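# Survey of secondary and tertiary structure
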Amino acid sequence: MINEYGDAVNMPKSFYITTPIYYVNASPHIGHAYTTIVADVLARYHRMIGDNTFFVTGTDEHGDKIAEAAQKAGITPQEYADKISAQFRALCPELAITNDYFIRTTDPNHIETVRYILQKVYDAGDIYFGSYGGYYCFGCERFLTEKEIVDNKCPEHGREPQYIEEKNYFFKMSKYQDWLIKHITDHPDFIRPERYKNEALAFLREPLEDLCISRPKSRLEWGITLPFDENYVTYVWFDALINYVTALDYPDGEKFKTFWPVAEHLIAKDILKPHGIYWPTMLKAAGIEPYRHLNVHGYWNSDQNKMSKSLGNIVRPLDLKDKYGLDAFRYFLLRDMVFGLDSNFSEEAFVQRLNSDLANDLGNLVSRSITMAIKYCDGKVPQIQQKDKNKALHEAALKAVAEVESSFKDMSLHKALIAIWDFINITNKYIVENEPWSLGKDPANKEKLTAIMYNLLAALRAISILLSPFMPQTAEKILRQIGVDEPQNLDMAGIRKDDDLKAGSPLTRGESLFPRINQEKESQPLEKKAPAIDLKPQIDYEEFARVDLRVAKILAAEAVPKANKLLKLKIDIGEERTIVAGVSKDYTPAELIGKKIVVVANLKPTKLMGVESHGMLLATDTDTGLTVLAFDREAKTGAKIR
Ligand code: MSP
């Protein structure tokens, strides 16, 4: 029998999941972490249900952006790429990512595959040499159409695209426009959710232009040389997209035969066009079948804004993981984004979810169930009769299984978590309704109590299995507490069967899974900071010397009315000045008066809450607030700092 995807039923199915390969011009943030975690949840789930699974992530290392960033850092593009690629690679184990392969576009097998496909498309007559002028966005690494330019700027990157005219090689993308429209229409979930399919079709309503796929080496050397012209390198998107087949050893690899027909790409909306338009037409021209689905998610914003270095609101995944634990971080990202829509990251919302869903609902359920089961069943999984198994609880577990399965089919992972939490809450209710603590007072209730404990442990087992793709560490911790030795061997079928709890297995109490966070008292907000990597461009002494740093003595200090952080300081730096500093949460005026501090004296004046500030003091963030730079020995008021 053959199923809807053309797979033979009863044979293990295959599943291939990819993330975008990330540019190595900046360190990873929660946006990258999100896509990779979603891919990991999908891969773990498919492995658990017995699918032959292959999961690929990696880094995109050629092109203008990287060359530019390397130049600024004063190192070669290869050195630069090595450094940042290593950060992305190191992030995988930190986030418990189970990728089977990590691809880099500088890998020799990838370079070979790109050249092979280019030659194939060139030989088929779909690449020609021509001249083109257009507006190029270095952020998008592509030419923008007139419609895409708003107020002379690329709306995605907020910078003006640059007019570039040069002789180049072009891919006859226009030739495949009608084919692509038909393919998308005939396969309504080729690009999903629907809003992104509609966006791609809207784009295809305009005539498709041919795609410029080269850069002259005279302008950019950091790329893969065209196989048919030594003087040109490949355009970065033509290079990058091909990673998805390189990873499968295209053209002759077994993996390619097995996994390409079931390819699932996962991306955010920013790169819909290259994946929804360029890539299928490139595949068609190379004689390769299209991928199965393009799955497009929305954007994580930070405190309601797009994350950007200049706004200083970049959220680093490892900071969150270190502060709150990996599974809490994974849970929040997966629970708080509706696949396809944008979502806002705020630490308060994160802590709230942690306290309510994780500490209260799940954590309490596990800890009180285990404590009671140990107490009432002599520390072991009890044996009970079939008739004492609670049907309603088991049916609630089956309902959760069905909902989780259907959520995985259409990528609505947040719905899967909602279904699991419904089941968690039903289990909590089961405890409240049965009041085991009252039954425990009378030995005559022993049998009833034992049955309740068994049913609770069976529910915990089902919850752990359902949770395991999302929160693998937590699932394993719970399973170990209920005496399951090989958690990795469990699957959904184990929930359906319901008789797998081994009587006599030891029960052990673990540490609290999710301690409550007291937001007010304990939690210092994360520093949203630039990455701790030493890739800042080096400057020479002259450049440094342009900053006029002085020893300043604070003569007077007072709060700026209506501002909640600002103090107005009168200082002496050889002359009297007024500066405004955001330190009122950390220092009282009395603490500051008389202190000698460091001030940037030649900063352009600026008005803060109506007060003109003629300079800026220097301070550093600590775990408990700001510390103002001061001196540990004598310093002369007004003296220059060198
Ligand atoms: N190198 C290209 C992709 C080539 S794939 C053949 C690229 N790299 S990128 O580093 O800019 O990564 C973009 C991807 O990172 C997004 O599509 C998404 O997966 C993830 N995200 C980056 N910022 C994001 C958010 N703010 N929110 C959610 N995901 C985001 O484009």
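Attention in this report is confined to the structure presented alongside it. (Residues numbered from 1 in each chain as written. Predicted model: local features only at pLDDT ≥ 70, side-chain atom pairs only at ≥ 80, totals over all residues. Heavy atoms only, no water.)

### Quick word on the site of the ligand
- By nearness alone, 23 residues border the ligand, and Ile21, Thr35, Asp60, Asp270 and Trp300 come closest of all.
- Here an oxygen atom of the ligand and a side-chain polar atom of Asp270 are 2.8 Å apart.
- Where the shell around the ligand is concerned, the elements lending two or more residues are strand E1 (14-23), helix H1 (30-48), helix H7 (236-241) and helix H8 (243-246).
- Among the elements that make up the shell around the ligand, the one with the highest residue count is E1 (four residues).
- Class assignment of the residues belonging to the shell around the ligand gives a composition of 13 nonpolar, eight polar and two charged. (Near = heavy atom within 4 Å. Polar contact = N/O pair within 3.5 Å; in protein donor to acceptor, adjacent residues only side chain to side chain. Helix = DSSP H or I, 4+ residues; strand = E, 2+ residues; numbered from the N terminus. Nonpolar A, V, L, I, M, F, W, Y, C, P; charged D, E, K, R; others polar.)

### So, the nonpolar core
- Counting 97 residues, the largest nonpolar core has Trp421 and Phe470 as its most contacted members.
- The leading source of residues in this core is helix H17 (residues 446-467), at 14 residues.
- Counting residues domain by domain, this core receives three or more from each of domain 1 (14-297) and domain 2 (344-497).
- Ignoring sequence-local partners within four residues, the contact set of Trp421 consists of Tyr331, Asp357, Leu358, Asp361, Leu362, Leu467 and Met471.
- Within the second largest apolar cluster, 81 residues are counted, among which are Ile224, Phe238, Tyr250 and Leu283. (Core = buried A, V, L, I, M, F, W, Y, C linked by side-chain atoms within 4.5 Å. Buried < 20%, exposed > 50% of the residue type's maximum accessible area, 1.4 Å probe, protein only. Domains from an automatic or database assignment. Contact = heavy atoms within 4.5 Å.)

### Side note on the pairing of strand E12 (residues 263-268)
- By the criterion of burial, E12 is predominantly enclosed, with six of the six residues buried.
- Taking every second residue as pointing to the same face, both faces of E12 are buried, with Ala263, His265 and Ile267 on one and Glu264, Leu266 and Ala268 on the other.
- Relative to E12, E1 runs parallel, the two being bridged by three bridges. Paired with Thr18 across the bridge in E12 is His265.
- Relative to strand E13 (residues 293-297), E12 is paired through five bridges, and the arrangement is parallel. Residue pairing across strands places Ala268 opposite His297, the latter belonging to E13.
- What joins E12 to E13 is helix H10 (residues 272-285), and the crossover it makes is right-handed. (Pairing = 2+ DSSP bridges. Right-handed = clockwise from strand over helix to strand, strands pointing away.)

### Brief notes about the pattern of salt bridges
- Within the structure shown, the criterion is met by 28 salt bridges.
- Lys147 is the partner of Glu206 in a salt bridge, and the nearest nitrogen-oxygen pair spans 3.0 Å. Linking Glu206 in the loop between helix H6 (194-204) and strand E8 (211-212) with Lys147 in the loop between strand E5 (142-144) and strand E6 (162-171), this pair joins segments that are 59 residues apart in sequence.
- By relative accessible area, Glu206 is classed as partly exposed at 40%.
- Judged by relative accessible area, Lys147 falls into the exposed class, the value being 66%.
- Here Asp249 makes a salt bridge to Lys255, at a shortest N to O gap of 3.6 Å.
- Residues participating in the shared-partner salt-bridge network are Asp40, Arg44 and Arg330. (Salt bridge = Lys/Arg side-chain N within 4 Å of Asp/Glu carboxyl O.)

### Some remarks on the packing of helix H13 (residues 347-376) against H17
- Relative to each other, H13 and H17 sit at 145 degrees, their axes nearing to 10 Å. Taken as a pair, H13 and H17 cross one another with a handedness that is left-handed. Across the interface between the two elements, Leu362, Leu365, Val366, Ser369, Ile370, Met372, Ala373 and Tyr376 of H13 pack against Lys446, Leu449, Met453, Leu456, Leu457, Leu460, Ile463 and Leu467 of H17.
- By residue class, the composition of the contact of H13 with H17 is 14 nonpolar, one polar and one charged. (Axes fitted to C-alpha atoms, helices over the stretch in contact; angles between N-to-C directions. Left-handed = near helix turned anticlockwise from the far one by under 90°.)

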